[in-house]
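Coordinates in review
Letter by letter, the chains look like this.
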Amino acid sequence: MTGSVGRRGFVAGMSALFLGACNKVAESSVGKSLFEKAPGWHKAVQRSLADRMALAIEYPRSAISPTFKANGSKTVDTDFYRAQLENGFADWRLEVRGMVAKPLSLSLDEVRALPQRTQVTRHDCVEGWSAIGEWTGPQLSTLLEMAGVQDGAKFVVFRCADKYVGRQYYESVDMVDAMHPQTIVAHSLNGEALPEGNGAPLRMRIERQLGYKHAKYLAAIEVVDTLENIGEGMGGYWEDRSGYQWYAGM
Ligand SMILES: Nc1nc2c(c(=O)[nH]1)N[C@H]1C(S)=C(S)[C@@H](COP(=O)(O)O)O[C@H]1N2
Ligand SMILES: [Mo]
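Quick look at the structure, then. All values reported here derive from a predicted model rather than from experimental measurement.

Describing the nonpolar core
Membership of the largest hydrophobic core comes to 50 residues, with the highest contact counts inside it found for Leu140, Val156, Phe158, Val185 and Ile221. Looking at which element gives the most residues to this core, the answer is helix 6 (residues 140–147), with 4 residues. Apart from residues lying up to four places away in sequence, leucine 140 is in contact with Val156, Phe158, Ala178, Thr183, Ile184, Val185, Met204 and Ile221. In this structure, Val157, Tyr170, Leu227 and Ile230 belong to the second largest nonpolar core, which totals 6 residues.

Pasting the structure below:
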């Protein structure tokens, strides 16, 4: 009996350690080797974290959908945005701020000059449609490493330029998804600059989660330790408005 209580305490302790490790993983991106060193008897927690880091399916280019539907906001209704559409987003800046050692303010050229990832993935919207597209952009982990995430950071918030039905769109993920290799800041769809309807000039791709997590019209990336003071505190536009799940994993 005492044995089973003891073990429960031990497992709980290891879970806490793994949750701690989870943030550390995110910050240092040494996830893989950490999991390889994890004790074999702790397979359950190991598997759930390994699951979170698994890749979404990538498709051949031949699978790309002929059209990629635009959903939700299809533009940004501001003079600044209209002017940027005209001048190739010359004055657009992507900010990386919050709990970082060195805040960034990057032009599109600077974003395009970073190491890039291209991936052909399927987008699934809760409204019941899907589309396959090829996305290109730097990994979010690259930007976070450049900015230097500070100790205690837990979430990454995506600030969007648009309002949808009168409310500012935003989204957020935890550090596991932030550091996931397929989490990219996309500037291109199917080899062309992002169309207006699909979030020009920059949008997130969070490939292990549903469509509403993929913030379009991205203006800033904010590193935080709590989501409480962001929007209405539920972690995203649809989470605040309609009670959608914050973790929309697939
Ligand atoms: N900024 C912003 N991002 C957004 C939305 C939006 O309205 N505004 N809609 C979301 C939803 S519900 C989906 S399905 C996808 C749609 O992306 P698409 O227009 O490229 O199909 O963007 C998501 N990201
Ligand atoms: Mo969606």
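Describing the layout of surface pockets
Approximately 360 Å³ is the volume found for the largest pocket. Around the largest pocket, the lining comprises 24 residues; the ones closest to its centre are Asn71, Gly72, Tyr169, Gly211 and Tyr212. Each residue belonging to the lining of the largest pocket can be placed in one class, and the counts come to 11 nonpolar, 8 polar and 5 charged.

Details of the site of ligand 1
As a matter of local geometry, ligand 1 sits amid 21 residues, with Lys69, Asn71, Asp162, Asn198 and Lys216 nearest to it. Within the backbone of lysine 69, a nitrogen or oxygen atom sits 2.6 Å from an oxygen atom of ligand 1. One of the side-chain N or O atoms of lysine 216 is found 2.6 Å from an oxygen atom in ligand 1. Most atoms of ligand 1, that is more than half of them, are within 2 Å of grid points of the largest pocket. Contributions of two or more residues to the shell around ligand 1 are made by strand 3 (117–125) and strand 5 (155–164).

A word on the packing of aromatic side chains
All chains considered together, the criterion is met by 14 aromatic pairs. Ring centres of tyrosine 81 and tyrosine 217 lie 5.8 Å apart, and the angle between their planes is 85 degrees; this geometry places the pair in the edge-to-face category. In this pair, tyrosine 81 sits in helix 4 (residues 79–86) while tyrosine 217 sits in the loop between strand 10 (203–206) and strand 11 (218–224), placing the two residues 136 residues apart along the sequence. Each member of the pair, tyrosine 81 as well as tyrosine 217, carries the same accessibility label: buried. Pairwise contacts between aromatic rings join Tyr164, Tyr169, Tyr212, Tyr237, Trp238 and Tyr244 into one cluster.

Observations regarding the sheet that holds strand 5
Spatial ordering of the open sheet is given by 2-1-11-5-6, a layout of 5 strands whose pairing is mixed. Of all strands in the sheet, those bounded by a partner on one side alone are strand 2 (104–106) and strand 6 (167–174). Within the sheet, the average angular offset between the axes of one strand and its neighbour, ignoring direction, is 20 degrees. The pairing of strand 5 with strand 6 spans 7 bridges and is classified as antiparallel. What sits directly across from lysine 163, in strand 6, is glutamine 168.

Rules and cut-offs
- Residues numbered from 1 in each chain as written.
- Chains lettered and ligands numbered in written order.
- Predicted model: local features only at pLDDT ≥ 70, side-chain atom pairs only at ≥ 80, totals over all residues.
- Heavy atoms only, no water.
- Core = buried A, V, L, I, M, F, W, Y, C linked by side-chain atoms within 4.5 Å.
- Buried < 20%, exposed > 50% of the residue type's maximum accessible area, 1.4 Å probe, protein only.
- Helix = DSSP H or I, 4+ residues; strand = E, 2+ residues; numbered from the N terminus.
- Contact = heavy atoms within 4.5 Å.
- 1 Å grid on protein atoms, 1.4 Å probe; cavity = no way out; pocket = protein on both sides within 12 Å on 5 of 7 lines; lining within 4 Å.
- Points joined across faces, edges and corners; volume = space filled by probe spheres on them.
- Nonpolar A, V, L, I, M, F, W, Y, C, P; charged D, E, K, R; others polar.
- Near = heavy atom within 4 Å.
- Polar contact = N/O pair within 3.5 Å; in protein donor to acceptor, adjacent residues only side chain to side chain.
- Sits in = over half its atoms within 2 Å of the grid points.
- Phe/Tyr/Trp six-rings, centres within 6.5 Å; stacked < 30°, edge-to-face > 60°.
- Pairing = 2+ DSSP bridges.
- Axes fitted to C-alpha atoms, helices over the stretch in contact; angles between N-to-C directions.

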